[in-house]
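Chain by chain, the residues run as shown.
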Amino acid sequence: GLPTAPARPLAVRRPSRRIQVGPVPVGGDAPVSVQSMTTTVTADVGATLQQIAELTAAGCQIVRVACPTQDDADALPVIAKKSRIPVIADIHFQPKYVFAAIDAGCAAVRVNPGNIRQFDDKVKEIARAASAAGTPIRIGVNAGSLDRRLLQKYGKATPEALVESALWEASLFEEHGFRDIKISVKHNDPVVMVNAYRRLAAQCDYPLHLGVTEAGPAFQGTIKSAVAFGALLSEGIGDTIRVSLSAPPAEEIKVGIQILESLNLRRRRLEIVSCPSCGRAQVDVYKLADQVTAGLEGMEVPLRVAVMGCVVNGPGEAREADLGVASGNGKGQIFVKGEVIKTVPESKIVETLIDEALKLAEQMEKDGALS
Ligand code: SF4
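The rules behind each value
- Residues numbered from 1 in each chain as written.
- Predicted model: local features only at pLDDT ≥ 70, side-chain atom pairs only at ≥ 80, totals over all residues.
- Heavy atoms only, no water.
- Helix = DSSP H or I, 4+ residues; strand = E, 2+ residues; numbered from the N terminus.
- Buried < 20%, exposed > 50% of the residue type's maximum accessible area, 1.4 Å probe, protein only.
- Areas by Shrake-Rupley, 256 points an atom, 1.4 Å probe, with all protein chains shown as cover.
- Lys, Arg positive; Asp, Glu negative; His and termini not counted.
- Charge placed at Lys NZ, Arg CZ, Asp CG, Glu CD.
- Core = buried A, V, L, I, M, F, W, Y, C linked by side-chain atoms within 4.5 Å.
- Contact = heavy atoms within 4.5 Å.
- Salt bridge = Lys/Arg side-chain N within 4 Å of Asp/Glu carboxyl O.
- Patch = residues over 30% accessible without salt bridge, like charges linked within 9 Å, V, L, I, M, F, W, Y side chains within 5 Å.
- UniProt positions renumbered as here; feature names shortened; annotations may be inferred.
- Pairing = 2+ DSSP bridges.
- Axes fitted to C-alpha atoms, helices over the stretch in contact; angles between N-to-C directions.
- Near = heavy atom within 4 Å.
- Nonpolar A, V, L, I, M, F, W, Y, C, P; charged D, E, K, R; others polar.
- Polar contact = N/O pair within 3.5 Å; in protein donor to acceptor, adjacent residues only side chain to side chain.
- Expected span 1.5 Å × (residues − 1).

Asker: Explain the overall build of the protein to me, please; I cannot follow it from the model alone.
Answerer: Helix and strand counts for the protein come out as 13 helices and 15 strands. For the protein, the spread of C-alpha atoms along the principal axes amounts to about 75 × 45 × 35 Å. The buried share among the 371 residues of the protein stands at 50%. Of the roughly 16,900 Å² that the protein leaves accessible, carbon and sulfur atoms contribute 50%. The average position of the 42 basic charges and that of the 42 acidic charges among the side chains of the protein differ by 3 Å.

Quick look at the structure:
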């Protein structure tokens, strides 16, 4: 059989209560899930369902939709019914939309009871309705919308302020015996965010939804999220993640999945081990790596394919991988499971690697490496 590295994460998970977001468990020892949020107008049911389908195809496990108006609330039953992944309604201020979302069959609601209390004491009714329907609630504290009282007390959205706000929000539900809660304390600064989640993790056992809010365009947002989530997840903190990018939401899912795979919190799929190239390279490594990546896109088996520019580190890395090439002198030595199986001219490297990868994948499926 082929070696499939056991997933060994960096840390023991922080113990947390488990909640159910539709069919997806969050917290406890449930795998860390990846979620995103639609960018369509929710009331536009067709466009919203189309985007949810794209997110689902990208691997999204939970999707959130904004619900700022009655038209959006009216769209929730169809969206919740037709989506193949659980839908969370994101609500600010309006208790009536919370009831609508619960009645619509949304898998969860994101709402801060502190917002609602200012208008009307509906928190008890929400707790009762959510409890009866088995609908969990996310309390989402965000640096940008921290309540005035805490801003005055702390001067700005410090980790202490975010955590105090979150625990106060949770206490408004706890008063009514409702604990089916997950919490986020988002900030755009990864350092503040990491400190906030660390504090929160130490002070409650609710499952945590990780997010760096307003993380920015794709490149910056990817790095901020990877660094912050990496720090927390490596300490066992975090039960579900949302990467926020100023980019199409399917990109958020790609990044989220890659973060979990990098930390061994999820089985790795195809992995290309390619060298950065240097003055010794005797082949165009970037082009080769891109072509191999494109040729194997969508492959689900945990295959490591090494694409190396020369014979210095090439044979070593190629040998460690399931499959690889070390190039030199216009030729490529093709390795499978550590053995050179053939040497091909440079023009044949890509097709040979793809051929061999498909053969290995077939073998892995036969051996049940995926079960
Ligand atoms: Fe340079 Fe060779 Fe290492 Fe690639 S494998 S970075 S070409 S020394």
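Don't stop here, the text continues.
Asker: How do you make sense of the nonpolar core when you look at a structure like this?
Answerer: The nonpolar side chains of soluble globular proteins are, as a tendency, buried together. Membership of the largest hydrophobic core comes to 75 residues, with the highest contact counts inside it found for Ile91, Leu162, Phe173, Met193, Phe229 and Leu233. In contact with Leu233, not counting residues within four places along its chain, are Ala11, Val32, Leu210, Gly238, Ile241, Ile259, Leu260, Leu263 and Leu265. In this structure, Leu323, Ala326, Val336 and Val344 belong to the second largest nonpolar core, which totals 32 residues.

Asker: What's the story with the pattern of salt bridges in this structure? I'm lost.
Answerer: Think of it this way: side chains of opposite charge can pair up when their charged atoms draw near. One pass over the structure, following the stated rule, counts 18 salt bridges. With a closest N to O distance of 3.0 Å, Asp90 and Arg110 form a salt bridge. Linking Asp90 in strand 5 (residues 87-90) with Arg110 in strand 6 (residues 108-110), this pair joins segments that are 20 residues apart in sequence. Given a relative accessible area of 7%, Arg110 falls into the buried group. When the shortest N-O distance is used, the salt bridge between Lys342 and Glu356 registers 3.9 Å. In this pair, Lys342 is assigned in strand 15 (residues 339-345) and Glu356 in helix 13 (residues 349-366), connecting sequence segments 14 residues apart. Given a relative accessible area of 8%, Glu356 falls into the buried group.

Asker: Is there a simple way to explain a nonpolar patch on the surface in this structure?
Answerer: A grouping of Phe219, Ile223 and Val227 is seen on the molecular surface, where their side chains present a nonpolar patch of about 330 Å² in accessible area. Tracing the chain through its elements places Val227 in helix 9 (residues 218-233). Assessed through its relative accessible area of 53%, Val227 is described here as exposed.

Asker: Would you mind showing me how to read the UniProt feature "binding site: [4Fe-4S] cluster" (unreviewed entry) in the protein here?
Answerer: As annotated by UniProt and renumbered to match this structure, "binding site: [4Fe-4S] cluster" (unreviewed entry) occupies Cys275, Cys278, Cys310 and Glu317. Tracing the backbone through its elements, the reader meets Cys310 in the loop between strand 12 (304-308) and helix 12 (314-320). A relative accessible area of 13% places Cys310 in the buried class. Residues in contact with Cys310, not counting those within four places in the same chain, are Arg280, Ala281, Pro315, Ala326 and Ser327. By relative accessible area, which is 32% here, Glu317 ends up partly exposed. Not counting the four nearest positions on each side in its chain, Glu317 is found in contact with Val273, Ala306 and Met308.

Asker: Teacher, can you tell me more about the sheet that holds strand 15 here?
Answerer: Strand-to-strand pairing in sheets goes through backbone hydrogen bonds, with the strands running parallel or antiparallel. The five strands are arranged 11-12-13-14-15 in an open sheet whose pairing can be described as mixed. Across the chains shown, the open sheet's two edge strands, defined by having one partner strand only, are strand 11 (271-274) and strand 15. The mean angle between the axes of side-by-side strands here comes to 20 degrees, regardless of whether they run parallel or antiparallel. Looking at chain direction, strand 11 and strand 12 are connected through four bridges and run parallel. Looking across to strand 12, one finds that Glu271 is bridged to Arg304. Across the face of the sheet, helix 11 (residues 285-295) comes into contact with strand 11, strand 12 and strand 13 (323-328) while running at roughly 155 degrees to strand 12. Across the sheet, helix 13 is in contact with strand 12, strand 13, strand 14 (331-336) and strand 15; its angle to strand 13 comes to roughly 165 degrees.

Asker: Would you mind going over the sheet that holds strand 7 (residues 137-142) with me for this structure?
Answerer: A sheet is described by the order of its strands in space; here eight strands give the open sequence 8-7-6-5-4-3-10-9, paired in parallel fashion. What marks the edges here is a single partner per strand, and that holds for strand 8 (181-186) and strand 9 (209-210). Examined bridge by bridge, strand 4 (residues 62-66) and strand 5 share four bridges and lie parallel to one another. Of the residues in strand 5, the one forming a bridge with Val63 is Val87. Contacting strand 3 (33-37), strand 4 and strand 5, helix 1 (residues 45-58) runs over the sheet at an angle of about 155 degrees to strand 4.

Asker: How should the site of the ligand be read in this particular structure?
Answerer: Taken together, Cys275, Pro276, Ser277, Cys278, Arg280, Ala281, Met308, Gly309, Cys310, Val312 and Asn313 form the complete shell of residues around the ligand. Split into classes, the residues belonging to the shell around the ligand amount to seven nonpolar, three polar and one charged.

Asker: Can you help me understand the UniProt feature "domain: IspG C-terminal" (unreviewed entry) in the protein in this one?
Answerer: As recorded in UniProt, the feature "domain: IspG C-terminal" (unreviewed entry) lies at residues 271-356. End-to-end, the C-alpha atoms of residues 271-356 are 15 Å apart, and along that stretch the chain is 30% helix and 33% strand.

Asker: Whenever I open this one, the environment of Asp44 confuses me. Can you help?
Answerer: The topology assignment puts Asp44 in the loop between strand 3 and helix 1. For the pair Asp44 and Glu339, spaced 295 residues apart in sequence, the C-alpha to C-alpha distance is 56 Å. Engagement of the side chain of Asp44 in a polar contact is seen with the backbone nitrogen of Ala47, the distance being 3.3 Å.

Asker: Looking at this structure, I do not really get helix 10 (residues 249-262). What am I missing?
Answerer: Each α-helix winds once per 3.6 residues, and so residues spaced three or four apart point in a common direction. Compared with the 20 Å implied by 1.5 Å per residue over 14 residues, the 20 Å span of helix 10 between its first and last C-alpha is a close match. Taken from the residues just after helix 10, Asn264 is the one with a positive phi, measuring 60 degrees.

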